[in-house]
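Topology and contacts: notes
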Amino acid sequence: MNTAATATHCPYCALQCGMNLVPQDGLLTVASRDFPTNKGGLCQKGWNATELLAHPERLTTPLIRDHKGADLRPVSWEVALDRIAQEFQECQERYGHDAVGVFGGGGLTNEKAYLLGKFARVALRTPHIDYNGRFCMSSAAAAGNKAFGLDRGLPFPLEDIPGAEVILLIGSNVAETMPPIMQYFDEQKRRGGKLIVVDPRTTPTAKAATLHLQNTPGTDLALANGLLHIAARDRLLDKDFIQQRTGGYEEVRRVIASYWPDRVERMTGVPVQQMVEAAHLLGKASTAMVLTARGAEQQSKGTATVLAFINLALALGKVGKPHCGYGCITGQGNGQGGREHGQKADQLPGYRKIDNPEHRAHIAAVWGIDAADLPGSGRSAYELLDTMGEAGGVRALLVMASNIVVSAPRASHVQERLDALDFLVVSDLFLSETAQRADVVLPSTQWAEEEGTMTNLEGRVLLRQRATTPAPGVWSDAQILTALAARLGYGKFFTAEPVAIFEELRRASAGGLADYSGITYERIKEKDGVFWPCPSPEHPGTPRLFLDRFATEDGRARFHPVRHQAAGEEPDDEYPLYLTTGRVMSHYQSGAQTRRVKALREAVREPFVEIHPTLASHFEINEGDSVQLTTRRGTAEVKARLTAAIRQDTLFVPFHWGGRGRANLLTNPALDPTSKMPEFKVCAVRLEKLARHQ
Ligand code: SF4
């Protein structure tokens, strides 16, 4: 262990708060660090992050199951890796290269995400690689690419937020999910700025807003079109901007003409007067930002919903100018970098497209292979999981740092499909709900035990430095992939050394949209991170995008006409309520890590459902009662939490737990046709009170 403090970043969300790790009595403790994004602040998750390093439940040796139904037993790394290589080879000999799949995680460093993509395509030669980031912000990514020609979470640094006169925040509860970011919104408020929040729940973020539009789940798109209708009617549009920097407004104008306010009120539940107030606040401000997050994006029309809000921002001329812009608040730690560098089924490093011959040739040359040997596009995350074990689906799967049994939609089905695989390998820190079902489990290093880069929600590339030696018996994911590649006959193409992987990533990304070629570990350390694109060592990086031109061929942003459509499933007589899911402050994603941290576990011990008191009284449900939630996918049992902060027609369940309270037993895997994002945020549900003895 180093004796001095090590400057690094939190292992959890996309804010990637800077922190120092300080040795104390043989362990590491977290200390504040004055980093430009979080300015010393951390949330409860960050402050307690080191507790997992020496956690008693930590995996410290590979585990193997001799046959289906047998118990997992400890084995050496040699035995575990030999078995994996043999199973993958036999599977591919029997069914072809496509029969082995890879599922990654949005928490992997850029180096590991890059290596995993390369491993799938070079060592396994399979097209089937995707990651749980597909569940996180793929709709915003698809919309950003369509409208601006480029997808980067925020096209500006956080420090620009206080300078915006008005901010429209849709489907985001940042006050709970990433509390240190609230410094920027608080400062904006101090300067006289206004915050408009769109959310079916009166979250702590909504409580901090000037105006809260409490819409019906799944109606954000209609609301955006309604706001644009009012802005056009009341002559609030920036016609010069539309003419000089955009294309396609005429078609949008025709579509929004039918979104008159009374109609939109009936669709969304938002009063006309509130919509008018919101449209006027945005339209009359000299600077404004429009920010979306999972609430708007995790819908079967998520891409269209984000495009509707981008249309609004473009028509008001609030994009591509200082203290203005559309942005997506990324969720997972490296959700951004994970897809920039090839962990997504349709992308190659540097945001290159896997079906573009020039892009394929560039990456093949960097990897030293023939472009003809590069597989094409594979299945998206849920499609890959949905077809596991079936004819034409993958028969063997490598899961790296993802707990899909808890986090994937229609979780009981995903669990069945995992069990139908011939062979499942999981690399993780703990015996997660997914690892428990594996044939081989590999124990991997944690963030403080290795180095690597992460790309935060601003597009700022950061360096996580190693602060301690890995726990005995564990390997880094890069070591695992390199050792497996060697056993599969492709060892010469791989290295496990993070700096060497990053150097190769730089070359692979050179000339691509997400160009990292000018970024080095030294520059990141020196400058507290470097914003991509950064195409040369002399280039300062790009904190602000689109100020002069958009990344489209003609430099203009594109409007897209989009229409409201019902959610994949709307309430009916059998399932009369809306269900929406999300996060709480003290837990992160599937909870595989945060449920093992004492302070976080004690903060929220078990899954619950938020119910409006009026609805609860109808069912004679009291605070703390056990209730059953049923959808067309399954049933979950949780405790009732009564709160007037939720709409009377809507229930909210956080998704951090496995077992009978698993929210994703209920969710609908209806996919957005473009992004393939599942509809986590809205489905139809039935509520029942359970008898007391249950
Ligand atoms: Fe970590 Fe996110 Fe909390 Fe910051 S806000 S401490 S990055 S979990």
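It should be emphasised that the depicted structure is a prediction, and the values quoted were computed from it without experimental measurement.

Things to note about the site of the ligand
Taken together, Cys 10, Tyr 12, Cys 13, Gln 16, Cys 17, Leu 42, Cys 43, Lys 45, Gly 46, Met 178 and Pro 180 make up all the residues around the ligand. Residue composition of the shell around the ligand, grouped by class: eight nonpolar, two polar and one charged.

With respect to the nonpolar core
Within the largest apolar cluster, 122 residues are counted, with the highest numbers of intra-cluster contacts made by Phe 88, Phe 119, Phe 148, Leu 168 and Ile 196. A total of 10 residues in this core trace back to one element, the largest contributor, which is helix α14 (residues 302-315). Counting 45 residues, the second-largest nonpolar core is a separate cluster that includes Tyr 12, Ala 164, Val 174 and Met 182.

A few points about unusual backbone geometry
Geometrically, the link from Trp 532 to Pro 533 is a cis peptide bond, its omega value of -5 degrees lying close to zero. A positive phi is found at Lys 39, a non-glycine position, where the angle reads about 50 degrees. Mapped onto the elements of the fold, Lys 39 is located in the loop between β3 (27-32) and α1 (44-47). A residue is classified by how much of its surface remains accessible, and Lys 39, at 48% relative accessible area, is partly exposed. Positive phi is not limited to glycine here, since Lys 676 has a value of about 65 degrees. Within the secondary structure layout, Lys 676 lies in the loop between β28 (668-671) and β29 (678-679). Among the residues examined, Lys 676 registers a relative accessible area of 25% and is labelled partly exposed.

Considering the packing of aromatic side chains
This model, assessed by the stated rule, comprises 15 aromatic pairs. Ring plane angle 55 degrees and centroid distance 5.4 Å describe the contact between Tyr 12 and Tyr 588, whose orientation is recorded as tilted. On the criterion of sequence distance, the pair formed by Tyr 12 in the loop between β1 (6-9) and β2 (18-24) and Tyr 588 in the loop between β23 (577-582) and α23 (598-603) is long-range, its members being 576 residues apart. Of the residues examined, Tyr 12 reaches a relative accessible area of 2% and is grouped as buried. Seen in terms of ring centroids, Phe 546 and Phe 550 are 5.3 Å apart; in terms of plane orientation they differ by 35 degrees. Their pairing is tilted. Residue classification places Phe 546 among the buried positions, given a relative accessible area of 10%. A relative accessible area of 1% means that Phe 550 is categorised as buried. By way of ring pairs, the aromatic residues Phe 148, Tyr 326, Phe 546 and Phe 550 are connected into one cluster. Stacked on the ring of Trp 532, the Lys or Arg Arg 152 has its end atom at 5.8 Å from the ring centre.

A word on α14
With 14 residues, α14 extends 20 Å from end C-alpha to end C-alpha; this agrees with the ideal 20 Å at 1.5 Å per step. Burial within α14 is extensive, with 14 of its 14 residues counted as buried. Gly 317 sits one or two positions beyond α14 and adopts a positive phi of about 70 degrees.

Overview of helix α11 (residues 261-268)
Those residues of α11 that sit buried are Pro 261, Val 264 and Thr 268. Take α11 and look down its axis: the buried residues cluster within an arc of 60 degrees, on one side only. Lining the buried residues of α11 we find α8 (220-233) and α12 (272-284). One or two residues past the end of α11 sits Gly 269, with phi positive at roughly 80 degrees.

With respect to the environment of Glu 250
Along the polypeptide, Glu 250 turns up in helix α10 (residues 249-256). Taking the relative accessible area as the measure of exposure, Glu 250 reaches 42% and is therefore partly exposed. Taking the C-alpha atoms as reference points, Glu 250 and Pro 561, 311 residues apart in sequence, are found 9.0 Å from one another.

Considerations on the pattern of salt bridges
All chains considered together, the criterion is met by 40 salt bridges. The shortest N-O distance in the salt bridge between Arg 339 and Asp 151 comes to 2.7 Å. Remark: Asp 151 occurs in the loop between α4 (138-148) and β8 (166-170) and Arg 339 occurs in helix α15 (residues 335-340); sequence separation between them is 188 residues. Considered together, Arg 339 and Asp 151 belong to a single accessibility category, that of buried residues. Its salt-bridge partner being Arg 605, residue Glu 602 comes within 3.8 Å of it at the nearest N-O pair.

Conventions and cut-offs
- Residues numbered from 1 in each chain as written.
- Predicted model: local features only at pLDDT ≥ 70, side-chain atom pairs only at ≥ 80, totals over all residues.
- Heavy atoms only, no water.
- Near = heavy atom within 4 Å.
- Nonpolar A, V, L, I, M, F, W, Y, C, P; charged D, E, K, R; others polar.
- Core = buried A, V, L, I, M, F, W, Y, C linked by side-chain atoms within 4.5 Å.
- Buried < 20%, exposed > 50% of the residue type's maximum accessible area, 1.4 Å probe, protein only.
- Helix = DSSP H or I, 4+ residues; strand = E, 2+ residues; numbered from the N terminus.
- Phe/Tyr/Trp six-rings, centres within 6.5 Å; stacked < 30°, edge-to-face > 60°.
- Lys NZ or Arg CZ within 6 Å of the ring centre and 35° of its normal.
- Expected span 1.5 Å × (residues − 1).
- Arc of directions from axis to C-beta.
- Contact = heavy atoms within 4.5 Å.
- Salt bridge = Lys/Arg side-chain N within 4 Å of Asp/Glu carboxyl O.

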